[in-house]
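These are the residues of each chain, in order.
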Amino acid sequence: MFAKVAKRAFSSSTANPYKVTVLGAGGGIGQPLSLLLKLNHKVTDLRLYDLKGAAGVAADLSHIPTNSVVKGFSADAQDGIKNALKDTDVVLIPAGVPRKPGMTRDDLFSINASIVRDLATACAENAPHASILVISNPVNSTVPIVAEVLKSKGVYNPKKLFGVTTLDVIRASRFISEVSGTNPTTEKVNVIGGHSGITIIPLISQTKHKLMEKEKRDALIHRIQFGGDEVVKAKNGAGSATLSMAQAGARFANSVLAGLEGEADVIEPSFVDSPLFKSEGIEFFASPVKLGPQGVEKIYSIGEISPEEQELLDKCKETLKKNIEKGTAFVKS
Ligand code: NAI
């Protein structure tokens, strides 16, 4: 039995070894996210970067007997970020401050916008071909910030930039199962729009629960949109979702890697440079995306939605447009 487990643990089933970098690896999300990436056999070279603590996290994780090398990089070291990013395939960015009770994600803009801008600059200079997965909030604005920085450096590839909205997707699966008494692992909910409050739109009409009574459905939608507040309140000043976010981030990273490897039919919702509502001035939008060897392979339309969901979408678009413009303007100014 042990021999079998050990063999699985040490053998790398992946045909292509992948380098993955976490920027902000010492933080609440960064640490468990790095742990989950250390357990992923698609990852063979894991680089952890933070202003503080990355070396310790890397030393700790390096004792886990999976088939990857893990190294910590510090901002103090000369070329720390450069070496963390050099030739990497996938970069995850959970660097930045999290919310405290009473704050919206937009309240984080004044601090996180410049952190993300500077890290995006480092990505453009050292890993211009990498897939970049943005976790730092407000995602609706930080993704446009990364895009603008990459454009200004002449290395923007819209197929390789992703806002991670997977936490909304996993919350939707969990919460719908709680109100319906079903198995969360088999509940799939398409979540579109953006990643904050009313810009998060779970499409209940496309699930097997489309006949759920209105009151119950409205409460469910509200809980999915504002589920993050439950965690912020319960942590009482000590931050926002970290563990569930780490699981969500690791799941999305695994999907991106599966796409790069050429696995068929890898589809996940993500906030990407999207043609869906560009004619209305909305440059980025979350909808199901097929992931492939070049990154985004196909962006699916939102499909048929109910009149109530159409109303939610109209409200989402107003806010989303402003959030995106705020991010873009920050870099341009
Ligand atoms: P945290 O404060 O625990 O960790 C953030 C880490 O980033 C710290 O270790 C800090 O040293 C590091 N950092 C700050 N500036 C940096 C820089 N310039 N370079 C490298 N590292 C830097 O925060 P936590 O809880 O990990 O949250 C991180 C971000 O993720 C926040 O912006 C939060 O709002 C966001 N978030 C996003 C979610 C999503 O669904 N996309 C869900 C939950 C949180």
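In this numbering scheme, every chain counts its residues from 1 along its sequence in written order. Local features in this predicted model are restricted to residues whose pLDDT is 70 or higher, and side-chain atom pairs enter the listing and the counts only when it is 80 or higher, whereas totals over whole chains, interfaces and linings include all residues.

Asks: Explain the UniProt feature "domain: Lactate/malate dehydrogenase C-terminal" (unreviewed entry) in the protein chain to me, using residue names and the numbers behind them.
Replies: UniProt positions are given in the numbering used here, feature names are shortened, and annotations may be inferred rather than shown by experiment. The sites that carry the UniProt feature "domain: Lactate/malate dehydrogenase C-terminal" (unreviewed entry) are, in the present numbering, residues 165-331. A helix here means a DSSP run of H or I that spans at least four residues, while a strand means a run of E at least two residues long, and both kinds are numbered starting from the N terminus. With 49% helix and 17% strand, residues 165-331 has its two end C-alpha atoms placed 23 Å apart.

Asks: Describe unusual backbone geometry, listing the residues and the values that go with them.
Replies: Residue P138 is reached from N137 by a cis peptide bond, and omega for that bond is -5 degrees. When you line up the elements, P138 lands in the loop between strand 5 (131-134) and helix 6 (139-152). Look at D79: it is not a glycine, yet its phi comes out positive at around 65 degrees. Among the secondary structure elements, D79 is positioned in the loop between strand 3 (69-74) and helix 4 (80-85).

Asks: I'd like to hear about the domain arrangement of the protein chain, residue by residue, with values.
Replies: Per the domain assignment, the segments of the protein chain are domain 1 (18-164) and domain 2 (165-332). Using C-alpha coordinates to define each centre, domain 1 is positioned 21 Å away from domain 2. This entry defines residue contacts through backbone-placed C-beta atoms, with two residues in contact when those atoms are within 7 Å. Taken together, the 47 residues of domain 1 in the interface contact 47 residues of domain 2. When residues of the side of domain 1 that touches domain 2 are traced back to their parent elements, those giving at least two are strand 1 (18-23), helix 2 (30-38), strand 4 (90-93), helix 5 (109-126), strand 5, helix 6 and strand 6 (161-163). Considering each element in turn, the side of domain 1 that touches domain 2 owes the most residues, eleven residues, to helix 6. Boundaries between domains were set according to an automatic or database domain assignment.

Asks: Could you give me a rundown of the environment of P94, with the residues and numbers involved?
Replies: Mapped onto the fold, P94 is located in the loop between strand 4 and helix 5. Residues with at least 20 neighbouring C-beta atoms inside 10 Å of their own are called buried, those with 12 or fewer are called exposed, and the rest are partly exposed, where every C-beta is derived from the backbone. For P94, a count of 28 C-beta atoms within 10 Å translates into the label buried. The sequence separation of P94 and A246 amounts to 152 residues, and the corresponding C-alpha distance is 9.4 Å. Contact partners of P94, with chain neighbours within four places excluded, come to G24, G27, I29, G30, L33, I135, S136 and G249.

Asks: Explain the nonpolar core to me, and be specific about the residues and the numbers.
Replies: Residues V91, I93, L133 and V146 are the most contacted members of the largest nonpolar core, which totals 92 residues. Broken down by element, the residue count for this core peaks at nine residues, all from helix 9 (residues 243-261). A domain-level breakdown of this core finds at least three residues from each of domain 1 (18-164) and domain 2 (165-332). Once residues within four sequence positions are removed from consideration, I93 is found in contact with L23, G24, V116, L119, I132, L133, V134, I135 and S136. Only buried residues count toward a nonpolar core: Ala, Val, Leu, Ile, Met, Phe, Trp, Tyr and Cys, linked into one set through C-beta atoms within 7 Å.

Asks: Explain the pairing of strand 10 (residues 284-292) residue by residue, including any values.
Replies: The side chains of a regular strand alternate, residue by residue, between the two faces of the sheet. With seven of its nine residues buried, strand 10 lies for the most part within the structure. Both strand 9 (residues 266-273) and strand 10 contribute to a ladder of eight bridges, which runs antiparallel. Of the residues in strand 10, the one forming a bridge with V272 is F285. DSSP-based pairing: two strands are paired if at least 2 bridges between them are found. Bridge count between strand 10 and strand 11 (residues 295-299): four bridges; the pairing is antiparallel. Paired with G292 across the bridge in strand 11 is G295. Where strand 10 folds back on strand 11, the antiparallel hairpin that results is connected by two residues.

Asks: Outline the environment of N157, listing residues and values.
Replies: Along the polypeptide, N157 turns up in the loop between helix 6 and strand 6. The sequence separation of N157 and S131 amounts to 26 residues, and the corresponding C-alpha distance is 8.9 Å.

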